[in-house]
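Survey of secondary and tertiary structure
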Amino acid sequence: MLYVVIGFLFFAIVLYFLLGGADFGAGIIELFTSDDNKSRTRHTSYQAIGPIWEANHMWLIIAIVILFVGFPVIYSEICTYLHIPLLIMLMGVTARGTAFSFRNYDAVKDDKMQNLYNHIFVYSSFITPLFLGITAGSVISRQVDPAADSFLTAFVFSWLNWFSVAVGFFTVALCGFLAAIYLIGEAKEQFDVKRFTKKAVIMNAAAVGFGGLVFLAAEVENVHLAHWIFGNPVSLTAVIAASVSLVLLWYLLSKGKTKVIRILAGFQVTMILVSVGYRHFPNVMMVKGGNNLSLLTNHAPAATINDLGWALLVGSLFILPALGYLYYSFQKKKEA
Amino acid sequence: MNDFLAARSQMALSLGFHIIYSCIGMVMPVFMAISHYKWIKTNDHVYKNITQAWSKGVAIFFATGAVSGTMLSFELGLLWPKFMEHAGPIFGMPFSFEGVAFFIEAIALGFFLYGWNRLNKWFHWVTGIVVGVSGVISGILVVSANSWMNSPAGFDYVNGQYINIDPLKAMFNEAWFSEALHMTIAAFAATGFAVAGIHALMILLKRNVNFHTKAFKIAIVFGAVAAILQPLSGDISAKGAARRQPAKSAAMEANYHTVPYSPLLIGGIPDTLNKKVDYGIEIPGLLSFLVYDDFKTPVTGLDKIPQQYQPNVPVTHYAFQLMVAIGMFLLLIALIYFFALWKKKEWLTKDWFFKLFVIATPLGFIAVEAGWTVTEVGRQPWIIQGVMLTSQAVTPMPGIQYSFYLFTFVYFTLSVAVVFLLSRQIKMVPELYDR
Ligand code: HDD
Ligand code: HEM
Ligand code: HEM
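Described below are features of the structure shown in this document.

Calculation notes
- Residues numbered from 1 in each chain as written.
- Chains lettered and ligands numbered in written order.
- Predicted model: local features only at pLDDT ≥ 70, side-chain atom pairs only at ≥ 80, totals over all residues.
- Heavy atoms only, no water.
- Helix = DSSP H or I, 4+ residues; strand = E, 2+ residues; numbered from the N terminus.
- Buried < 20%, exposed > 50% of the residue type's maximum accessible area, 1.4 Å probe, protein only.
- Contact = heavy atoms within 4.5 Å.
- Donors = N, O, S within 2.8 Å, 3.2 Å for Na, K, Ca; no water.
- Phe/Tyr/Trp six-rings, centres within 6.5 Å; stacked < 30°, edge-to-face > 60°.
- Lys NZ or Arg CZ within 6 Å of the ring centre and 35° of its normal.
- Buried area = accessible area lost by both parts, 1.4 Å probe.
- Salt bridge = Lys/Arg side-chain N within 4 Å of Asp/Glu carboxyl O.
- Polar contact = N/O pair within 3.5 Å; in protein donor to acceptor, adjacent residues only side chain to side chain.
- Nonpolar A, V, L, I, M, F, W, Y, C, P; charged D, E, K, R; others polar.
- Near = heavy atom within 4 Å.

Side note on the side chain of Ser134(B)
All names here are of chain B.
- In this fold, Ser134 is placed in helix α4 (residues 121-150).
- By relative accessible area, Ser134 is classed as buried at 5%.
- Look past the residues within four positions of Ser134 in its chain and what remains in contact with it is Ala101, Ile104 and Glu105.

Pasting the structure below:
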């Protein structure tokens, strides 16, 4: 059962990254769109994410619940030492979620308020994944120091370091990339397809650039990233698969296959997560001094894990088909 | 402000904020489903307009409820890591089911909000029902987590270790039923009266009387029935609290002395120094009767509880009095409403009648906040009654007061924004829904 629970945890994180990430990305793309085209982007992305917006963000809740029920020590350590980035991320989630629905449901659509909502939405779409990435990076950065004796070392340098920040920006670029690829398939007119393709190219370049920085920063901060990724066959295969799929993606895009490339983009991001996750599993939290927190030893008692596993299995019987049907029916309606 | 106080205040603020949105998120879908049903059945367009007007409001509330809930699931760890470390595996079951229920709710809401004119009309209607049902289930589940804090179960606490954990037993602890029942009824009472009150105001102002009268009728039926059930369920809660948490119960009543024929206290100002109450009305024996069903058995007073394990008496007492007073007032107008329906139809169009409901608009929610204050402040100094002190649970991170100021600012801004959006919504009713 423990592995079922861990499986769901990984599944929830990946899905949050893909779906929630594309969602953040829509805001990031909007942020980097020239004023003339902003409303076109907004329109396309609203059509694309409107109905599924709430559901996409539920994966974060699921991951958190699994963490605090199943792995309470890990949850409480993360919450203690990474309090500040989590707080900033939460502020981003709040600003973004409310601004998104306020701009759609404000009964009066005047420019002044719409402008305000739009501004809040795009900036928080940038901040949120940035700090989500920073938090994730910090968890494996070995900078969390339980023996720290000052405020700065315990609660600030745990996340304010080159590695975590680089992971943060890498995350932002990936989100933007996912969204651009997704929006290419949603766009109705050639003009928009062109625009989103350009965005995808830029985001792809940014992701590669920040990815390089992540490796550099890892060397500076003494994180064995290269070793994790290139040091074992599974991770290596995943990285190669990711690269191949990227090439394939651009090829298919040039052939005008705007829908299948989504799967490739999703596959690519999943492979990145797999390649990083695989090597240091089961240690999810790497702490200074080597007292790493492992999923296999820091879990809740068996009775809890058992019940949690069943709840997730039975719950997903309800959720997955319903969610699939939601995506399906709005996809179909849009095409009709 | 020290960190501990700041953490408590931040938690209280966040929950006090979230509860309003979650009550609305539980109850409004039910109202919408009824009005939607009437539209499908009668083809009267007013009902369609009501449903759509409500659903726009609900989308705003739902988003705010969802983000404040997301905040909460992190805040439990950000503020109370030591509590979550031990309690997570024990009281986490309801939260995992709740995760499932939320998910279903969010999916159904996606269908509902975007399904107008796109989906089969009955399928569309059912998705609305699913939103309501899963909302109520989430409410019940999360309250059962809270009731575990009041009445811990499903584990043994030996030498500081939590062993023999049984999450299902923890979930169905002794207090869960009374708390979940009382909370669900409260959500209907509070939302019912708030919605009815706003529509009553519009009727008084003679705006779209037809639209608002129909909306008023749907909301008030639920509000009024709930208001009648509320004191009954409150009595069950009070009996349970007296048995399980004598300190809370004594603080609610500001009952300083354990005596036979324990009196019920109405009003009064507790004097914590001299351990007495000034200016209250005492009804001898009634408290004993309410708790034990006989007039004589003494009810435990604060004299039996060590000073360091006593909650803040004035706060608990005032909050309790306020809740009960509002409960009685809502009961009264609920009875007037049903009496009017039954015998005095002519009242139903009178101005004084609608004014009564306008007065009641915020009261249900004030009672909800007061009730939670009773539950939470009355449990202090414990975070898990009798097992862990709140002060042992708090995060070691300093500077929480800044986080508290930030949250205060954010929630204040959001509240202003929601009120602003809602008033724009109401202002637009004539333009959008009148032809
Ligand atoms: C519309 C709101 C509302 C109204 C009119 C009332 N209550 Fe209430 N009460 C709540 C809303 C509420 C609440 C917010 O929902 C609480 C907090 C925790 C809970 O489960 O319900 C609560 C808690 C609560 C508790 C504490 C339970 C505990 O801590 O274990 C007691 C003893 C009562 N109530 C009793 C009453 C009585 C005797 C009422 C008489 C009219 C009453 N309530 C009206
Ligand atoms: C939504 C309705 C709720 C309201 C309005 C509410 C209100 C409060 C208040 C006023 C406090 C501060 C008490 C004090 O420190 O004196 C508090 C504390 C707390 N509440 Fe609640 N509460 C609610 C529901 C819940 C639920 C459902 C849970 C858990 C599942 C919960 C968990 C806590 C925790 C962990 C604390 C901090 C520790 C403590 O002070 O006991 N609350 N809440
Ligand atoms: C008595 C207290 C509570 C009640 C009755 C309650 C009920 C609800 C309801 C009905 C919703 C659905 C949102 C809506 O329709 O507006 C909701 C949302 C949420 N609640 Fe609470 N809740 C309570 C306290 C808590 C606590 C203590 C937590 C976290 C630990 C929490 C976490 C959440 C989350 C994560 C959501 C968002 C779900 C979504 O995105 O749809 N709630 N709550």
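Next comes the rest of the description.
A short note on the coordination of the iron atom of ligand 2
- One donor from the polypeptide reaches the iron atom of ligand 2: Glu376(B) (OE), at 2.4 Å.
- Position of Glu376(B) relative to the elements: it lies in helix α12 (residues 363-379).

Remarks on the packing of aromatic side chains
- One pass over the structure, following the stated rule, counts 41 aromatic pairs over all chains.
- Arranged with centres 6.2 Å apart and planes meeting at 90 degrees, the rings of Tyr337(B) and Phe357(B) form a pair that is edge-to-face. One end of the pair, Tyr337(B), is in helix α10 (residues 313-342); the other, Phe357(B), is in helix α11 (residues 351-360), with 20 residues separating them in the sequence. In this structure, Tyr337(B) and Phe357(B) share a single accessibility class: buried.
- Ring pairs connect the aromatic residues Phe193(B), Phe216(B), Tyr337(B), Phe338(B), Trp352(B), Phe353(B), Phe354(B) and Phe357(B), which therefore count as one cluster.
- Lying over the aromatic face of Phe121(A), Arg103(A) brings its terminal NZ or CZ to 4.5 Å of the ring centre.

Overview of the interface of chain A and chain B
- Contact residues are listed per partner, giving 59 residues for chain A and 60 residues for chain B.
- With both chains or domains summed, chain A and chain B bury close to 5,500 Å², and 80% of this area falls on carbon and sulfur atoms.
- Taken together, the connections running from chain A to chain B amount to zero salt bridges.
- Run the count over chain A and chain B and you get four residue pairs in polar contact (both at pLDDT 80 or more).
- Those elements giving two or more residues to the side of chain A that touches chain B turn out to be α3 (53-70), α4 (72-81), α5 (83-105), α6 (111-139), α7 (151-156) and α13 (302-335) of chain A.
- Here the side of chain A that touches chain B takes 15 residues from α13(A), the largest share from any one element.
- Taken together, the residues that form the side of chain A that touches chain B break down as 43 nonpolar, 11 polar and five charged.

Focus on the coordination of the iron atom of ligand 3
- Among all protein atoms, only His18(B) (NE2) binds the iron atom of ligand 3, sitting 2.1 Å from it.
- Turning to its location among the elements, His18(B) is positioned in helix α1 (residues 3-42).

Describing the site of ligand 2
Residues and elements named next belong to chain B.
- If you check the shell around ligand 2, you find 20 residues, and the closest are Arg8, Leu15, Glu376, Arg379 and Gln380.
- At 3.4 Å from a nitrogen atom of ligand 2 is found a side-chain nitrogen or oxygen belonging to Asn146.
- At 2.7 Å, a side-chain N or O of Arg379 approaches an oxygen atom of ligand 2.
- Going through the elements one at a time, α1, α3 (81-114), α4 and α12 are the ones with two or more residues in the shell around ligand 2.
- If you tally residues by element for the shell around ligand 2, the top one is α1, at six residues.
- Each residue belonging to the shell around ligand 2 can be placed in one class, and the counts come to 13 nonpolar, four polar and three charged.

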